[in-house]
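This is what each chain is made of:
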Amino acid sequence: VSSNGNAPILDVSSLSNTEIIEITSTIVRKVWEKRNGVVKTGNRLAMQLLQLTADRLERGEREILVIPTRTSRDSTSNNDERIHEAKTEEAKVTSERLAGARKILQQIEK
């Protein structure tokens with residue numbers, strides 16, 4: 001191993017088997033620590049994304065685009081071409097998607 005290609009810092013051929021095993025063990029341990037850190041970070045990110053999705057589903061923040069038909073353009077009603085929240089009891093019942101997202105979130109939190 002050399003620092004700049006001129007003078008070697010460490011001549012690997014001069015190491016004993018014990019030293020090679022010790023260096024290899026140290027490197028492997030550090031690599032696994034970094035891997036575990038990446039996994040934990042990925043899990044935290046996934047949890048945050050699931051939480052944001054569940055929050056949005058609960059609040060009903062969905063952007064829905066409605067393509068107007070010929071009849072809606074020709075009608076004289078006051079249509080702003082958006083879907084409005086229903087004021088019925090059916091609107092208060094949680095959707096299957098929201099229930100599924102909550103179930104996944106609970107499984108991950110365990």
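Look above for the structure.
Asks: Quick rundown of helix H3 (residues 96-109)? Include the residues and the values.
Replies: Its 14 residues give H3 an end-to-end C-alpha distance of 20 Å, which sits within 8% of 20 Å, the value for a rise of 1.5 Å per residue. Within H3, the full set of buried residues consists of Leu98, Ala101 and Leu105. Along H3, the residues classed as buried sweep out an arc of 60° about the axis, all on the same side. Of the exposed residues in H3, the ones pointing more than 90 degrees away from its buried face are Glu96, Lys103 and Gln106. Buried residues in H3 make contact with helix H1 (17-59).

Asks: Before we move on, can you summarise the packing of H1 against H3 with the specific residues and values?
Replies: In contact at an axis separation of 10 Å, H1 and H3 are set at 150° when each is read in the N-to-C sense. Taken together, H1 and H3 sit at an angle that is classed as roughly antiparallel. The interaxial crossing formed by H1 with H3 has left-handed handedness. Facing Met47, Leu50, Gln51, Ala54, Leu57 and Glu58 of H1, the residues of H3 in contact are Arg97, Leu98, Ala101, Arg102, Ile104, Leu105, Ile108 and Glu109. For the contact of H1 with H3, the residue count by class is nine nonpolar, one polar and four charged.

Asks: Before we move on, can you summarise a nonpolar patch on the surface with the specific residues and values?
Replies: The grouping of Ile9, Leu10, Val12, Ile23, Ile27 and Val31 at the surface amounts to a nonpolar patch, some 530 Å² of accessible area in total. Among the structural elements, Val31 can be located in helix H1.

Procedures and definitions
- Residues numbered from 1 in each chain as written.
- Predicted model: local features only at pLDDT ≥ 70, side-chain atom pairs only at ≥ 80, totals over all residues.
- Heavy atoms only, no water.
- Helix = DSSP H or I, 4+ residues; strand = E, 2+ residues; numbered from the N terminus.
- Expected span 1.5 Å × (residues − 1).
- Buried < 20%, exposed > 50% of the residue type's maximum accessible area, 1.4 Å probe, protein only.
- Arc of directions from axis to C-beta.
- Contact = heavy atoms within 4.5 Å.
- Axes fitted to C-alpha atoms, helices over the stretch in contact; angles between N-to-C directions.
- Parallel < 35°, antiparallel > 145°, perpendicular 65-115°, else oblique.
- Left-handed = near helix turned anticlockwise from the far one by under 90°.
- Nonpolar A, V, L, I, M, F, W, Y, C, P; charged D, E, K, R; others polar.
- Patch = residues over 30% accessible without salt bridge, like charges linked within 9 Å, V, L, I, M, F, W, Y side chains within 5 Å.
- Areas by Shrake-Rupley, 256 points an atom, 1.4 Å probe, with all protein chains shown as cover.
- Salt bridge = Lys/Arg side-chain N within 4 Å of Asp/Glu carboxyl O.

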